Amino acid sequence: MGRPDLAQKAVDSAEKRLSADRWPEYYDTRNGRFIGKQSRLMQTWTIAGFLTSKMLLENPEKASLLFWEEDFELLQNCVCKLSKSGRRKCSRFAARSQFIV
């Protein structure tokens, strides 16, 4: 997003909290002040996300490793298979316009 200063601030905050809180899955409340009631601790994906964030701040050019053109083909196939329209053909634009969370 072009805001490395904001990203650094977020990573610094996460570095202090995550290890002290034993690497929880998520935090609750709008401000993320409390560990979620159903949150599991010592989550490897939390640690991996944190380490990846630190790596990307140090080497922003590595962000290209997180994206491959083939991903859009896979996404297109998934979106088309799940669409309710029953269309046989699906465009790349349709696949890109979907939000998967």
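Our structure's up above, just so we're on the same page.
How each quantity is defined
Residues numbered from 1 in each chain as written. Predicted model: local features only at pLDDT ≥ 70, side-chain atom pairs only at ≥ 80, totals over all residues. Heavy atoms only, no water. Helix = DSSP H or I, 4+ residues; strand = E, 2+ residues; numbered from the N terminus. Buried < 20%, exposed > 50% of the residue type's maximum accessible area, 1.4 Å probe, protein only. Contact = heavy atoms within 4.5 Å. Areas by Shrake-Rupley, 256 points an atom, 1.4 Å probe, with all protein chains shown as cover. Polar contact = N/O pair within 3.5 Å; in protein donor to acceptor, adjacent residues only side chain to side chain. Patch = residues over 30% accessible without salt bridge, like charges linked within 9 Å, V, L, I, M, F, W, Y side chains within 5 Å. Salt bridge = Lys/Arg side-chain N within 4 Å of Asp/Glu carboxyl O. Expected span 1.5 Å × (residues − 1). Bend = angle between axes of the 7 residues up to and from the residue. Phe/Tyr/Trp six-rings, centres within 6.5 Å; stacked < 30°, edge-to-face > 60°. Lys NZ or Arg CZ within 6 Å of the ring centre and 35° of its normal.

*Asks:* Just to check I follow, could you spell out the overall build of the chain for this structure?
*Replies:* When its secondary structure is counted, the chain shows four helices and two strands. Put simply, the chain has 101 residues, and 17% of those count as buried. Within the chain, counting contacts between residues at least 6 apart in sequence, those at least 24 apart form 23% of the total. When the accessible surface of the chain is summed, it comes to about 8700 Å², and 58% of that surface belongs to carbon and sulfur atoms.

*Asks:* Which parts of the structure should I look at to understand the side chain of Ser39?
*Replies:* Tracing the sequence through the fold places Ser39 in the loop between β2 (34-35) and α2 (44-58). Of the polar contacts made by the side chain of Ser39, one reaches the backbone nitrogen of Glu25; its length is 2.9 Å. At a separation of 3.2 Å, a polar atom in the side chain of Ser39 contacts the main-chain amide nitrogen of Tyr26.

*Asks:* Any chance you could explain unusual backbone geometry here in plain terms?
*Replies:* Peptide bonds are mostly trans, and most non-glycine residues show a negative phi. Of note, Arg22 is a non-glycine position whose phi angle comes to about 65°, a positive value. The phi dihedral of Trp23 is positive, around 55°, even though this residue is not glycine. Judged by relative accessible area, Trp23 falls into the buried class, the value being 15%.

*Asks:* Is there a simple way to think about the side chain of Gln43 in this case?
*Replies:* Mapped onto the secondary structure, Gln43 falls in the loop between β2 and α2. Of the residues examined, Gln43 reaches a relative accessible area of 18% and is grouped as buried. Gln43 has contacts with Trp23, Pro24 and Glu25, leaving out every residue within four places of it along the chain.

*Asks:* It is not clear to me how a nonpolar patch on the surface should be interpreted in this structure. Could you clarify?
*Replies:* Judged by side-chain polarity, Ile35, Leu41 and Met42 come together as a nonpolar surface patch covering roughly 250 Å² of accessible area. Structurally, Ile35 can be placed in strand β2. Residue classification places Ile35 among the partly exposed positions, given a relative accessible area of 34%.

*Asks:* Quick question: what am I supposed to make of the environment of Leu56 here?
*Replies:* Note that Leu56 resides in helix α2. For the pair Leu56 and Pro4, spaced 52 residues apart in sequence, the C-alpha separation works out to 9.9 Å. Those residues within four positions of Leu56 in sequence are excluded, and the remaining contacts are Lys62, Ala63 and Leu66.

*Asks:* So what exactly am I meant to see when it comes to helix α1 (residues 4-20) here?
*Replies:* Owing to its 3.6 residues per turn, the α-helix brings residues three or four apart onto one side. The end-to-end C-alpha separation of α1 is 24 Å, in line with the 24 Å expected for 17 residues at 1.5 Å each. At Ala14, α1 is deflected by roughly 25°, the largest bend along its length. A positive phi of about 65° marks Arg22, the residue just after α1.

*Asks:* Sorry, what's going on with the packing of aromatic side chains here?
*Replies:* Two aromatic rings, taken as a pair, are described by how far apart their centres are and by the angle between their planes. Using the criterion set out here, one finds one aromatic pair in the structure. Aromatic pair Trp23 and Phe50: ring centres 5.6 Å apart, planes at 55°, arrangement tilted. Note that Trp23 is positioned in the loop between α1 and β1 (27-28) and Phe50 in helix α2, a separation of 27 residues in sequence. Given the relative accessible area of 9%, Phe50 is considered buried. Arg17 extends its terminal NZ or CZ atom over the ring of Tyr27, reaching a point 4.4 Å from the ring centre.

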